[in-house]
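Fold and contact review
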Amino acid sequence: MNAPAHHLSAAHLDALEEETIFILREAAAAFDRPALLFSGGKDSLVMLRCAEKAFGAGRIPYPLLMIDTGHNFPEVTALRDKRAAELGAELIVRSVEDSIARGTVRLARPDESRNAHQSVTLLEAIEEFRFDALMGGARRDEEKARAKERIFSHRDSFGQWQPKAQRPELWTLFNTRLAPGEHFRVFPISNWTELDVWQYIGRENIELPSLYYAHERDVIERRGLLVPVTPLTPPRPGETVQKRSVRFRTVGDITCTCPVPSTAATPADIIVETLAASVSERGATRMDDQTSDASMEKRKRDGYF
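This report concerns the structure included in the present document. What you see is a predicted model; the values in this text were computed from it and never measured.

**Here we look at the overall build of the protein**
Each helix and strand counted, the protein has ten helices and ten strands in total. Residues counted as buried form 55% of the 305 residues belonging to the protein. Contacts in the protein between residues at least 24 apart in sequence constitute 72% of all its contacts with a sequence separation of at least 6. Accessible area for the protein stands at about 13,800 Å²; split by element, carbon and sulfur atoms hold 52% of it.

Dropping the structure here:
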């Protein structure tokens, strides 16, 4: 099973890493108050490793920012805190729960997913700290709307994304001019794929939350996805709980993040599974992206990552 992964070329990883380091350094030089979005997920851990190589441990020149829905997997937030402490990086956490208390976020019902509401809390954090650039781990292969992004993606004074008003990026020259109140979202690993990420994790021996590897978990089948059984996502009447060997391709809010069947216990095993996958990781694991092809684009226009 591991043979194809061993023979898969990883020569391109150096070029991807070099590009990411260049973008991270460019953002540090071009903006006054940048921040690195860091959730503790695999993409942000890859980006953090590149930031460590770009600047050195204890020298990352911008804070790490996490918008916490309050419904995150504890394994992920624990590793988030551990890595920030190891690198001596400033970690800022802002919570959707606080936005609810302020009345800026209102839930339609108590069990509603808070994932989309992160946009409000993020925009509040931008205003609080006057951030002019936020670097995130989004990749173009994740979803159709992601593919429309520039690496340096302009946001207007309302924090909104206008896909038809994006600036040209020729010969790695970036137009970073901002009017008062505007900011940029910067995507240093935009040109990476899920396969690239896993090859890099294997090469760099990056520690991940255990959820990314195969484990036994109670799940239920719902709308073609496997939903983890948790206090936030209990089984509904008529649904059957099954114990399955699963792993998470992406981790986010518990209420909308689903695992996939898997026995992969190492990065090499996951590379093999990724080579055979026919559905993107968001399409295979995110209930909030199942509503329509335009669901992500709408959220991005409203200020989402």
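**Remarks on the state of the cysteines**
Counting across every chain of the model gives zero disulfides. There is no disulfide at C258, and the cysteine sulfur nearest it, in C256, is 7.9 Å away. For C258, a relative accessible area of 0% translates into the label buried.

**A look at the environment of A85**
The residue A85 is located in helix 4 (residues 74–87) in this model. Owing to a relative accessible area of 60%, A85 belongs among the exposed residues under this scheme. Along the primary structure A85 and G58 are separated by 27 residues, whereas in three dimensions their C-alpha atoms are 9.4 Å apart.

**Observations regarding the sheet that holds strand 4 (residues 133–135)**
The strand order 3-2-1-4-6-5 describes an open sheet built from six strands, whose pairing is mixed. Edge strands, defined here as strands with exactly one partner in the open sheet, are strand 3 (91–95) and strand 5 (152–155). Neighbour-to-neighbour, the strand axes of this sheet turn through a mean angle of 30°, independent of strand direction. Bridge analysis of strand 1 (residues 34–37) against strand 4 gives three bridges, and the strand direction is parallel. Looking at strand 4, one finds that L36 is bridged to M135.

**Describing the packing of aromatic side chains**
Counted by the stated rule, this structure contains eleven aromatic pairs. Ring centres 5.7 Å apart and planes at 85° place the aromatic pair F55 and Y62 in the edge-to-face group. Ring geometry for F152 and F184: centres 6.3 Å apart, planes at 70°, overall edge-to-face. Separated by 32 residues along the polypeptide, F152 in strand 5 and F184 in strand 6 (residues 183–186) bring together distant segments of the chain. Among the aromatic residues, ring-to-ring pairing joins F22, F31, F152, F174 and F184 into one connected group.

**Describing the environment of S44**
The topology assignment puts S44 in helix 3 (residues 42–55). With 93 residues separating them along the chain, S44 and G137 place their C-alpha atoms 5.3 Å apart. With sequence-adjacent residues up to four places away left out, S44 is seen in contact with L37, F38 and S39. Within the structure, the side chain of S44 is placed 3.0 Å from the backbone oxygen of G41, a separation counted as a polar contact.

**Side note on the pairing of strand 3**
Taken together, the five bridges between strand 2 (residues 64–68) and strand 3 define a ladder with parallel strand orientation. Looking at the pairing, L65 lines up with I92 of strand 3. At this point the chain moves from strand 2, through helix 4, to the parallel strand 3, and the crossover so formed is right-handed.

**Things to note about the side chain of S190**
Locating S190 in the fold gives a position in the loop between strand 6 and helix 7 (194–204). Relative accessible area serves as the criterion here: at 3%, S190 is assigned to the buried category. Apart from residues lying up to four places away in sequence, S190 is in contact with A138, R139, R140 and I151.

**So, the sheet that holds strand 7 (residues 215–222)**
In space, the four strands of this open sheet follow the order 8-7-9-10, with antiparallel pairing throughout. If you trace the sheet from one side to the other, it starts and ends with strand 8 (225–228) and strand 10 (260–261), each paired once. The sheet contact formed by strand 7 and strand 9 (residues 242–247) spans five bridges and is antiparallel. Residue H215 lies in a different strand from strand 9, and its bridge partner there is V246.

**Quick word on the packing of helix 3 against helix 7**
At a minimum axis separation of 10 Å, helix 3 and helix 7 run at an interaxial angle of 55°. Of the possible angle classes, the one that applies to helix 3 and helix 7 is oblique. By crossing handedness, the relation of helix 3 to helix 7 is classed as left-handed. In this structure, helix 3 uses K42, D43, V46, R49, C50 and K53 to contact helix 7, whose residues at the interface are E194, V197, W198, Y200, I201, R203 and E204.

Rules behind the numbers
Residues numbered from 1 in each chain as written. Predicted model: local features only at pLDDT ≥ 70, side-chain atom pairs only at ≥ 80, totals over all residues. Heavy atoms only, no water. Helix = DSSP H or I, 4+ residues; strand = E, 2+ residues; numbered from the N terminus. Buried < 20%, exposed > 50% of the residue type's maximum accessible area, 1.4 Å probe, protein only. Contact = heavy atoms within 4.5 Å. Areas by Shrake-Rupley, 256 points an atom, 1.4 Å probe, with all protein chains shown as cover. Disulfide = S-S within 2.5 Å. Pairing = 2+ DSSP bridges. Axes fitted to C-alpha atoms, helices over the stretch in contact; angles between N-to-C directions. Phe/Tyr/Trp six-rings, centres within 6.5 Å; stacked < 30°, edge-to-face > 60°. Polar contact = N/O pair within 3.5 Å; in protein donor to acceptor, adjacent residues only side chain to side chain. Right-handed = clockwise from strand over helix to strand, strands pointing away. Parallel < 35°, antiparallel > 145°, perpendicular 65-115°, else oblique. Left-handed = near helix turned anticlockwise from the far one by under 90°.

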